[in-house]
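# Analysis of the macromolecular model
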Amino acid sequence: MHETSIVNSIIATLEQEFEAEKLQKMKAIYLKVGILSNIEPRLLHNAYDVYHLRNGRFQNVALKIESTQLKIQCEICNHITHVENYRFLCENCQRPSKNVIEGEEMLIHKIEFDD
Amino acid sequence: MSVDKSTKDARGTVQCENTNLNLLKANDFVADIIKKEMAKTGTLLINITSSAGSGKTTLMQKTAEKLKDKITMAVMVGDLETERDAERIRETGIHALQIVTGGICHLEAQMVHQVLDQFDLENIDLLFIENVGNLVCPASFDLGEDYRVTLMATTEGDDKPKKYPKMFLTSDMMVVSKADLLPYVPFSVEAVIKDAREVNHEIEVLQVSSTNGEGIDEWCDWLLKKIEQKKG
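My aim in this report is to walk through the structure given alongside it, one point at a time.

Definitions and cut-offs
Residues numbered from 1 in each chain as written. Chains lettered and ligands numbered in written order. Predicted model: local features only at pLDDT ≥ 70, side-chain atom pairs only at ≥ 80, totals over all residues. Heavy atoms only, no water. Helix = DSSP H or I, 4+ residues; strand = E, 2+ residues; numbered from the N terminus. Buried < 20%, exposed > 50% of the residue type's maximum accessible area, 1.4 Å probe, protein only. Contact = heavy atoms within 4.5 Å. Areas by Shrake-Rupley, 256 points an atom, 1.4 Å probe, with all protein chains shown as cover. Lys, Arg positive; Asp, Glu negative; His and termini not counted. Charge placed at Lys NZ, Arg CZ, Asp CG, Glu CD. Phe/Tyr/Trp six-rings, centres within 6.5 Å; stacked < 30°, edge-to-face > 60°. Lys NZ or Arg CZ within 6 Å of the ring centre and 35° of its normal. Pairing = 2+ DSSP bridges. Axes fitted to C-alpha atoms, helices over the stretch in contact; angles between N-to-C directions. Left-handed = near helix turned anticlockwise from the far one by under 90°. Nonpolar A, V, L, I, M, F, W, Y, C, P; charged D, E, K, R; others polar. Core = buried A, V, L, I, M, F, W, Y, C linked by side-chain atoms within 4.5 Å.

### So, the overall build of chain A
A count of helices and strands for chain A gives three helices and six strands. Each of the three principal axes of chain A carries a C-alpha extent, and together these read 55 × 30 × 20 Å. In chain A, which comprises 115 residues, the proportion classed as buried is 43%. If you take every contact in chain A between residues at least 6 apart in sequence, the share linking residues at least 24 apart comes to 67%. Summed over all atoms, the accessible surface of chain A reaches about 6100 Å², with 43% contributed by carbon and sulfur. Of the side chains in chain A, 13 bear a positive and 17 a negative charge, and the two mean positions are spaced by 2 Å.

Following this line, the structure appears as structure tokens:
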């Protein structure tokens, strides 16, 4: 159900952002989703396919999903740490940090339109 | 919008637009509206999340019993089906509204906003949103709350913060519930706190039992302090 909500949200967001005429020329939707976003790309693809069964308007629009890994940047020493095993700890100075710079994304990153 | 030639592909048939739009933009927009309405009335909004069966509704009942003479509180409670939880909370004499999600595994800001006008917010100090019992999807949906509190029952096992990191990363407090069962279950409070703080070093922790009353005073004091700050 979660993935269905997200597909609906993507379509609603694009309808808000772009004119209907422009959306007719849409060719591909690029998403960037972090490992922390609780979005499973495979399930999102399934939900997107199901969306087309109900509404054929975007059935030729490809969905491309890029997953990102988890990174934090220490507020004290600025060091960037690749978080493993969900230990939110700067590997340089060992201080805890919640400053996630990658891995939380749920972005409609890029849209491709037919010229 | 103008076409940037540099973003065209080699055959020149495609035009790209970098959008970087948040997937949940629609939700977050409504969450902001809720936030503003709560600021106007000075109502403290708390989003309660947890797995199913960890004692959210029982904690709501205990909280209502303790605080109903001191403050005005109300609850909206989300479930896939039935009005059972709202009925249980109403038995304590406070206003409770059931949101039946009809299969959706989380509450969205739009669902909360739709029912807000059924609450007399001007006269409500504390409004709880008891989310659908699930540690996954509710983590992604901002409901405009001031604080997110996640219950973690001793019967669930102490390994949940690392299994569901997003929920614990986005929570302000972890309430270890059913503490009266600690002697009977293989659950280490120390281990759960260690894992939760590795995910979120700022998370506050309280240990409560709605059955024997342990920690309920501390929980209510925390709420009263936050209500005062919100009114401030």
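What follows picks up the thread again.
### Some thoughts on the packing of aromatic side chains
This structure, assessed with the given rule, holds four aromatic pairs over all chains. Measuring from ring centre to ring centre gives 5.3 Å for F18 of chain A and F113 of chain A, while their planes differ by 70°; the resulting arrangement is edge-to-face. On the criterion of sequence distance, the pair formed by F18 of chain A in the loop between α1 (2–17) and α2 (20–23) and F113 of chain A in strand β6 (residues 106–114) is long-range, its members being 95 residues apart. The exposure class assigned to F18 of chain A is buried, which follows from its relative accessible area of 6%. Relative accessible area serves as the criterion here: at 1%, F113 of chain A is assigned to the buried category. An angle of 25° between the planes, with centres 6.3 Å apart, marks the rings of F128 of chain B and W219 of chain B as stacked. One end of the pair, F128 of chain B, is in strand β5 (residues 126–130); the other, W219 of chain B, is in helix α8 (residues 216–231), with 91 residues separating them in the sequence. Given the relative accessible area of 0%, W219 of chain B is considered buried. Put simply, the rings of F128, Y147, W219 and W222 of chain B pair up and form one aromatic cluster. In this structure, K22 of chain A packs its charged tip against the face of F113 of chain A, placed 4.6 Å from the ring centre.

### So, the sheet that holds strand β5 (residues 100–102) of chain A
Residues and elements named next belong to chain A. If you walk across this open sheet you meet the three strands as β4-β3-β5, and the pairing is antiparallel. Strands with a single pairing partner mark the edges of an open sheet, and in this sheet they are β4 (80–82) and β5. Across this sheet, the average inter-strand angle for adjacent strands is 35°, counted without regard to direction. In terms of strand pairing, strand β3 (residues 71–73) meets β5 through two bridges, oriented antiparallel. Paired with I72 across the strands is V100, a residue of β5.

### Considering the packing of α1 of chain A against helix α3 (residues 41–54) of chain A
Residues and elements named next belong to chain A. Axis separation between α1 and α3 bottoms out at 9 Å; the angle between their running directions is 65°. Seen along the crossing, α1 lies across α3 with a hand that is right-handed. Between α1 and α3, the contacting residues are E3, T4, I6, V7, N8 and I11 on the first element and L43, L44, A47, Y48, Y51 and R54 on the second. Among the residues forming the contact of α1 with α3, the class breakdown is eight nonpolar, two polar and two charged.

### A few points about the nonpolar core
Within soluble globular proteins, side chains that are nonpolar generally end up buried alongside one another. Within the largest apolar cluster, 30 residues are counted, with the highest numbers of intra-cluster contacts made by I46, V75, L126, F128, V149 and W219 of chain B. Counting only elements with at least two residues in this core, the list comes to β2 (44–49), α2 (56–67), β3 (73–79), α3 (84–90), β5, β6 (147–153), β7 (173–177) and α8 of chain B. In terms of residue count, α8 of chain B provides more of this core than any other element does, six residues in total. Residues I6, I10 and I108 of chain A together with L23 of chain B belong to the second largest nonpolar core, which totals 27 residues.

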